[in-house]
Structure formats: C-alpha cells, structure tokens
There are 2 protein chains.
Amino acid sequence: MEVKVVRKVLDVNNTMAEQNRKLFADKNIFVLNVMSSPGSGKTTTLGKTIARLMPEMRTAVIVGDVSTTNDAERLAKTGAPVVQVNTDAFGGDCHLAAHVIATAAATLPLDDMDLLIVENVGNLVCPAEFDIGEDRKVVVLSVTEGEDKPLKYPLMFRVCDAAIVNKIDLLPYLEYNKQETIENILQVHPGMPVFEISARTEDGIDDWVNWIKDNVRRKKAL
Amino acid sequence: MEVKVVRKVLDVNNTMAEQNRKLFADKNIFVLNVMSSPGSGKTTTLGKTIARLMPEMRTAVIVGDVSTTNDAERLAKTGAPVVQVNTDAFGGDCHLAAHVIATAAATLPLDDMDLLIVENVGNLVCPAEFDIGEDRKVVVLSVTEGEDKPLKYPLMFRVCDAAIVNKIDLLPYLEYNKQETIENILQVHPGMPVFEISARTEDGIDDWVNWIKDNVRRKKAL
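Residues numbered from 1 in each chain as written. Chains lettered and ligands numbered in written order. Predicted model: local features only at pLDDT ≥ 70, side-chain atom pairs only at ≥ 80, totals over all residues. Heavy atoms only, no water.

(A) Seen up close, the overall build of chain A. The helix and strand inventory of chain A stands at eight helices and seven strands. Here chain A, with 222 residues, has 59% of them falling under the buried criterion. Residue pairs in contact within chain A that sit at least 24 positions apart in sequence constitute 76% of those at least 6 positions apart. For chain A, the accessible surface area stands at approximately 8500 Å², while carbon and sulfur atoms represent 51% of it. Side chains of chain A carry 25 positive and 32 negative charges; the gap between the two charge centres is 3 Å. (Helix = DSSP H or I, 4+ residues; strand = E, 2+ residues; numbered from the N terminus. Buried < 20%, exposed > 50% of the residue type's maximum accessible area, 1.4 Å probe, protein only. Contact = heavy atoms within 4.5 Å. Areas by Shrake-Rupley, 256 points an atom, 1.4 Å probe, with all protein chains shown as cover. Lys, Arg positive; Asp, Glu negative; His and termini not counted. Charge placed at Lys NZ, Arg CZ, Asp CG, Glu CD.)

(B) Up close: the interface of chain A and chain B. Listed per partner, the contact involves 43 residues of chain A and 43 residues of chain B. Of the roughly 3400 Å² buried where chain A meets chain B, counting both sides, 58% is carbon and sulfur surface. In this structure, D65 of chain A and K152 of chain B form a salt bridge, with 3.4 Å as the shortest nitrogen-oxygen distance. Between the two partners, chain A and chain B, sit 17 residue pairs in polar contact (both at pLDDT 80 or more). Listed by contribution, the elements that provide at least two residues to the side of chain A that touches chain B are α1 (2-26), α3 (70-76) and α5 (149-152) of chain A. Considering each element in turn, the side of chain A that touches chain B owes the most residues, four residues, to α1 of chain A. (Buried area = accessible area lost by both parts, 1.4 Å probe. Salt bridge = Lys/Arg side-chain N within 4 Å of Asp/Glu carboxyl O. Polar contact = N/O pair within 3.5 Å; in protein donor to acceptor, adjacent residues only side chain to side chain.)

(C) Up close: the packing of helix α2 (residues 42-53) of chain A against helix α8 (residues 205-221) of chain A. Residues and elements named next belong to chain A. One can describe the packing of α2 onto α8 by two numbers: an axis separation of 10 Å at closest approach and a directional angle of 65°. Relative to α8, α2 is oriented so that their crossing is right-handed. Along the contact surface, α2 presents T45, K48, T49, R52 and L53, while α8 presents I205, D206, W208, V209, I212 and K213. Residue composition of the contact of α2 with α8, grouped by class: five nonpolar, two polar and four charged. (Axes fitted to C-alpha atoms, helices over the stretch in contact; angles between N-to-C directions. Left-handed = near helix turned anticlockwise from the far one by under 90°. Nonpolar A, V, L, I, M, F, W, Y, C, P; charged D, E, K, R; others polar.)

(D) Local environment of the sheet that holds strand β7 (residues 194-196) of chain A. All names here are of chain A. The parallel open sheet is built from seven strands, whose spatial order is β3-β2-β4-β1-β5-β6-β7. Only two strands of the sheet have a single neighbouring strand rather than two, namely β3 (82-86) and β7. The mean angle between the axes of side-by-side strands here comes to 20°, regardless of whether they run parallel or antiparallel. Here strand β2 (residues 59-65) runs beside strand β4 (residues 115-119); their pairing, made up of five bridges, is parallel. (Pairing = 2+ DSSP bridges.)

(E) Inspection of the relation of the copies chain A and chain B at higher detail. Expressed as a screw operation, the relation of chain A to chain B combines 0.0 Å of axial shift with a rotation of 180°, fitting to an RMSD of 0.0 Å. Accordingly, the operation relating the two chain copies is best matched by a two-fold axis. Mapped onto chain B, 100% of the interface residues of chain A again fall at the interface, so both copies present the same surface. (Least-squares fit on C-alpha atoms with pLDDT ≥ 70 in both.)

(F) Highlighting the nonpolar core. Ranked by size, the top nonpolar core spans 93 residues in total, and within it I62 and L116 of chain A together with I62 and L116 of chain B carry the most contacts. Ignoring anything within four residues of it in the chain, the contact list for L116 of chain B reads F24, I29, F30, V31, L32, A60, V61, I62 and L108 of chain B. (Core = buried A, V, L, I, M, F, W, Y, C linked by side-chain atoms within 4.5 Å.)

(G) Representation of the pairing of strand β2 (residues 59-65) of chain B within the structure. Residues and elements named next belong to chain B. Of all seven residues making up β2, seven are buried, and the element is well covered by its neighbours. Neither face of β2 is open: one carries T59, V61, V63 and D65, the other A60, I62 and G64, and all of them are buried. Here β2 pairs with strand β3 (residues 82-86) via five bridges, running parallel. If you follow V61 over to β3, its bridge partner there is V82.

(H) The arrangement of empty space enclosed by the protein in detail. As enumerated under the stated definition, the model contains one cavity of 30 Å³ or more in all. S142, T144 and E145 of chain A together with T144 and E145 of chain B are the residues nearest the centre of the largest cavity, which is lined by 13 residues in total. Class assignment for the residues of the lining of the largest cavity results in two nonpolar, seven polar and four charged. (1 Å grid on protein atoms, 1.4 Å probe; cavity = no way out; pocket = protein on both sides within 12 Å on 5 of 7 lines; lining within 4 Å. Points joined across faces, edges and corners; volume = space filled by probe spheres on them.)

(I) Focus on unusual backbone geometry. Residues and elements named next belong to chain A. Residue P55 is bonded to the preceding M54 through a cis peptide linkage, with omega at 0°. Here the phi dihedral of E202 falls at roughly 70°; this positive angle occurs in a residue that is not glycine. Tracing the sequence through the fold places E202 in the loop between β7 and α8. By relative accessible area, E202 is classed as partly exposed at 29%.

(J) Focus on the packing of aromatic side chains. Residues and elements named next belong to chain A. Enumeration over the complete set of coordinates arrives at seven aromatic pairs over all chains. Ring geometry for W208 against W211: centres 5.8 Å apart, planes inclined by 15°, an arrangement best described as stacked. Of the two residues, W208 and W211 are both situated in helix α8; the distance of three residues between them amounts to about one turn of the helix. The structure contains a cluster of three or more aromatic residues connected by ring pairs, namely F195, W208 and W211. (Phe/Tyr/Trp six-rings, centres within 6.5 Å; stacked < 30°, edge-to-face > 60°.)

Written out as structure tokens, the structure reads:
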C-alpha cells in the first residue's frame, strides 16, 4: 500500500517539476540540485562556490531544511539572493518537492539570474526520488562517512550527474580508503565526474566551479 | 494531500508497532532503535557495544539499509544473530517500518534473547516518525557533522531517549565546538543523556554500555 501511495505523490511531483523546468528554460536559468547527508559540508561548499561564481554568474539559492534558517544566513553572506524553505511548514518533509521550489522561486529575481542552486534537505534517500525541475543533480559525500555509502544509497548516486568527495583535508586522520569510495561511486554510476575537494581549505574547488560554469554556459548557448 | 497520506501510513505503522511491543514484552526482550545520518559510525559503535554486552546480555541485531548487506556482515563478527533488511525490497523506504521489524524478528531466536538492537536506515528525518515497537530510541551524531544538527532535525532529537556524540578522536583536527552541540541537543531535549564517545578508540564507550545494561535490567525486573 505504502508503495502505491508514494507513486501517486511522485506523479504529482513530476507534473510540477515539468512546470518548473519550463519556467527556468523560459528565463534561461540553469538549475543545480545539491544533495547529501546531513553534515557533509554542503553549505560550506556552496558558500565558497558562489563566491567564485559571482558576479560573473548571477546566482541565487533556495535552501531546504526541516527547521532553522542557519544555512540561509550563512549563504546570504555571499551577496546572492537566498530563500530558506523550512519543510516543517510542509509536514516535515525529508526532501524538497517541486511545488515547494515553485513557491520559493516566485520570490527570486528570475529575470536577473543565470544560475539557481538548490541546497536540498540533508538526506541521502528521499531527495533522490523528487524531481524539482533541475538541469543537474549533484551529491556531496564527505570522507568521514565511510567508503560504502554509494553502494548503500545507490539511487542517489545513480540519479546524480556529478559527485563531490568533500573534507579531503581530514584524510591523514582517518582510516579511510578514498580510492575505494571513488570505485564504489563509479560502480554505481560509470563515468560520473567526481570532484575531490576540501571546502575548508578550498583544495580542488576550482575544477568543480569550472564544471558548473561550463554547464551554465552550455545552457545559455542553446 | 501529502500530509494526509503520510498520516494514514503512520496510523497503520503505529498499530503494527503496538503488536511488536506486545511480542517483545511477552518475550522479555528490551528493544533499542538506533538512528543517525549515514556515516555517523552506527555500525562501528554497535560492533564495539555488542562485544561488551555479550555473553552477559544475549543480543541480536536487525540492520536496515536501502541496499547491501555490508553492515550485517560487520556485525555478525560479534557472534550475535543478525538479520539484514534491505528496504529496496519494500519500495526503497528511507526508514524501518514496524511491519518490516515484525518480519525480521520472526527469524530471530526470541526465546533466547535479552536485547534486540535495531540499526535503522541512515537518515535523520524519516525514521524519527516511525515507531517500531522499541523501548528506547537513540540518535548517533558524529562531530564531523557540525554543531547545528539538533536544531535542524529537532524531531529526531526530541523523540530519542539518549544521544551519542561520536568520533571525538577527530576533535583536534576540526573547527568544531562540542559544547555548542551538546547545548543544542539539550535545548531541543532538556535532560537527555549525552554520551561522548569514539567508537574507533573506544573512549567513553563504557558509560554508554552501562546505560544499555541498566535499561535491560530494569525491563527484566518489571
């Protein structure tokens, strides 16, 4: 029964996601959906990323959390317009749904944006199932989370277009096999780009930022 | 609509959870539901914990993951009976539901057990909403996940009876305020016991193990 119910919710979501996709195409905005476990360093990564993208790429952010406005406050320091969505206003959802994105996007300056970054709710399971009308999905995994997460949460790694392996500055202090993690990512999603970064030290962040810029430019050129 | 649907699923779950609770009471088994983000160190913590509990406390484990049997294989090394549940057989659920626990428990030697430990699916949101018939809920948070997680995922910290702050061996290498984390936990759930441990070095693990033993003995004495 539960499965059938979930299917119906997802159908409604997909319809809304297509409406979002059309809106973002009309406005010529590239949309990135960034997902991860809680605590993988999404917000720090995005803060450093946006600082490198702006002002060349006019960027806005929708931040999803069950509760608090902490992440929006952190990201607002970049100067980008930021909307915080608290899903406890939507039944405590464990993901951002397409209708929530539509509501949040309506408050953003869509005519003056090149890029919308959505920082999803911290969760490696549910957000993978919800299309929000994005162009690309990205998963962030930190090296403290262990090597086997791509195998344990395969849908997330299958649906994403790129993976970030974050907190590489901690590698000397961990019993952790980075190569095994990357092999596990590629086993689930052969050929997926993997960016090894430290958001704290900013190591490796340029390749990731260039990947975004290339994607935005490609959409704009269409 | 989504909220109403979820409510119905939860009502069905609560009925099944009460049946589980009655079964475990009849068999005089104490049941612990352990939840966290992916990669917080649940499995390592439980491996070290079970090694200290057995053979005094006859322990069995139900391990939930979306996919893989990695964690069951790791925990089986303790000698405890272990059942792995893969929720991709149940629609890819992001949590263990009560009916899944009932099915898994039927395969365990219930007449020869004092303690059942359930390692839930790695997720700080959804498992908090699903009663599985447990006696106590515990949340594991690792110090690499940042200070604000109790505020961002308040339901999880509100419903749990104890919290573990894991990976304290990494504190020297992090920009992290442990005291702030603990204050955030206690703000959401005043008076909740907080165990600061390193599952890797086994620092602080005895207090946590004693908390379990006290709980098991208290249920047995009823």
